[in-house]
Amino acid sequence: KQEVTQIPAALSVPEGENLVLNCSFTDSAIYNLQWFRQDPGKGLTSLLLIQSSQREQTSGRLNASLDKSSGRSTLYIAASQPGDSATYLCAVRRVTSGSRLTFGEGTQLTVNP
Amino acid sequence: EPEVTQTPSHQVTQMGQEVILRCVPISNHLYFYWYRQILGQKVEFLVSFYNNEISEKSEIFDDQFSVERPDGSNFTLKIRSTKLEDSAMYFCASSGGEWGNQPQHFGDGTRLSIL
């Protein structure tokens, strides 16, 4: 069974700081990994998708890396802004489980002005 | 940018009643999903749907639940005989690409409250 863990559970940083969010998964046989952002009471916004054959993906100030062999992914946010405050979720799609995503608990990020 | 839309945004229902949650996936997507998130817990997979049939379902998705694509645009989740523990945020998602290997895009969810 795939378990997905995100550390830390919560993070508070001053504006402008670069930061790293961590995601680990127990089963390395994944098809891809997706990072999401969730604002309070809202849906999930897809940020980045990394296929299992890729090492990283970039979108603007966001960079996600994937190390499948060690079961880890990181989301790097450069020059954080108060508007980045949200919960960040990672989710993996296993090779053996069709197209379902298995989610971590999320990291709640607060960027203070 | 195309988006997944869900209605209603909030549904309040008496225990034992039936509810239908509605979703309009992104128009050129062929893979559809329902997930739920109980307050304070992880997002959980319920069911995936492709080519007019269920392709995968979780242990949560028992006989109480059903999905349907009644026309070319809507995708619905029906919950029969609702229970208190069905209270959650229900998310619809869709994806495109070969074998649905493109990102899954989520709607804003329907908050279901069972009284």
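Quick caveat, the model's predicted, so the values are computed rather than measured. (Residues numbered from 1 in each chain as written. Chains lettered and ligands numbered in written order. Predicted model: local features only at pLDDT ≥ 70, side-chain atom pairs only at ≥ 80, totals over all residues. Heavy atoms only, no water.)

Draft legend 1. Up close: the pairing of strand β5 (residues 44–51) of chain A. All names here are of chain A. Here strand β4 (residues 30–38) pairs with β5 via seven bridges, running antiparallel. Of the residues in β5, the one forming a bridge with Trp 35 is Leu 48. Linkage of β4 to β5, two consecutive antiparallel strands, is achieved through a turn of five residues, within which Gly 41 is found at a positive phi near 70 degrees. (Pairing = 2+ DSSP bridges. Helix = DSSP H or I, 4+ residues; strand = E, 2+ residues; numbered from the N terminus.)

Draft legend 2. Fine view of the packing of aromatic side chains. As enumerated under the stated definition, the model contains 13 aromatic pairs over all chains in all. Aromatic pair Tyr 35 of chain B and Phe 45 of chain B: ring centres 5.6 Å apart, planes at 70 degrees, arrangement edge-to-face. With a gap of ten residues between them, Tyr 35 of chain B in strand β4 (residues 31–37) and Phe 45 of chain B in strand β5 (residues 43–50) connect regions that are remote in the sequence. By the burial criterion, Tyr 35 of chain B is buried, and Phe 45 of chain B matches it. Aromatic pair Phe 61 of chain B and Phe 65 of chain B: ring centres 5.7 Å apart, planes at 25 degrees, arrangement stacked. We note that Phe 61 of chain B, like Phe 65 of chain B, is buried. Each member of the aromatic cluster is reached from another via a ring pair, and the members are Phe 36 and Phe 103 of chain A together with Tyr 33, Tyr 35, Phe 45, Phe 91 and Phe 106 of chain B. (Phe/Tyr/Trp six-rings, centres within 6.5 Å; stacked < 30°, edge-to-face > 60°. Buried < 20%, exposed > 50% of the residue type's maximum accessible area, 1.4 Å probe, protein only.)

Draft legend 3. Layout of the pattern of salt bridges. Residue and element names in this part refer to chain B. Taken as a whole, this structure holds five salt bridges over all chains when the rule is applied. Glu 44 is the partner of Arg 36 in a salt bridge, and the nearest nitrogen-oxygen pair spans 3.1 Å. By relative accessible area, Arg 36 is classed as buried at 10%. A relative accessible area of 24% means that Glu 44 is categorised as partly exposed. (Salt bridge = Lys/Arg side-chain N within 4 Å of Asp/Glu carboxyl O.)

Remember, this is a structural readout, not a statement about activity or role.
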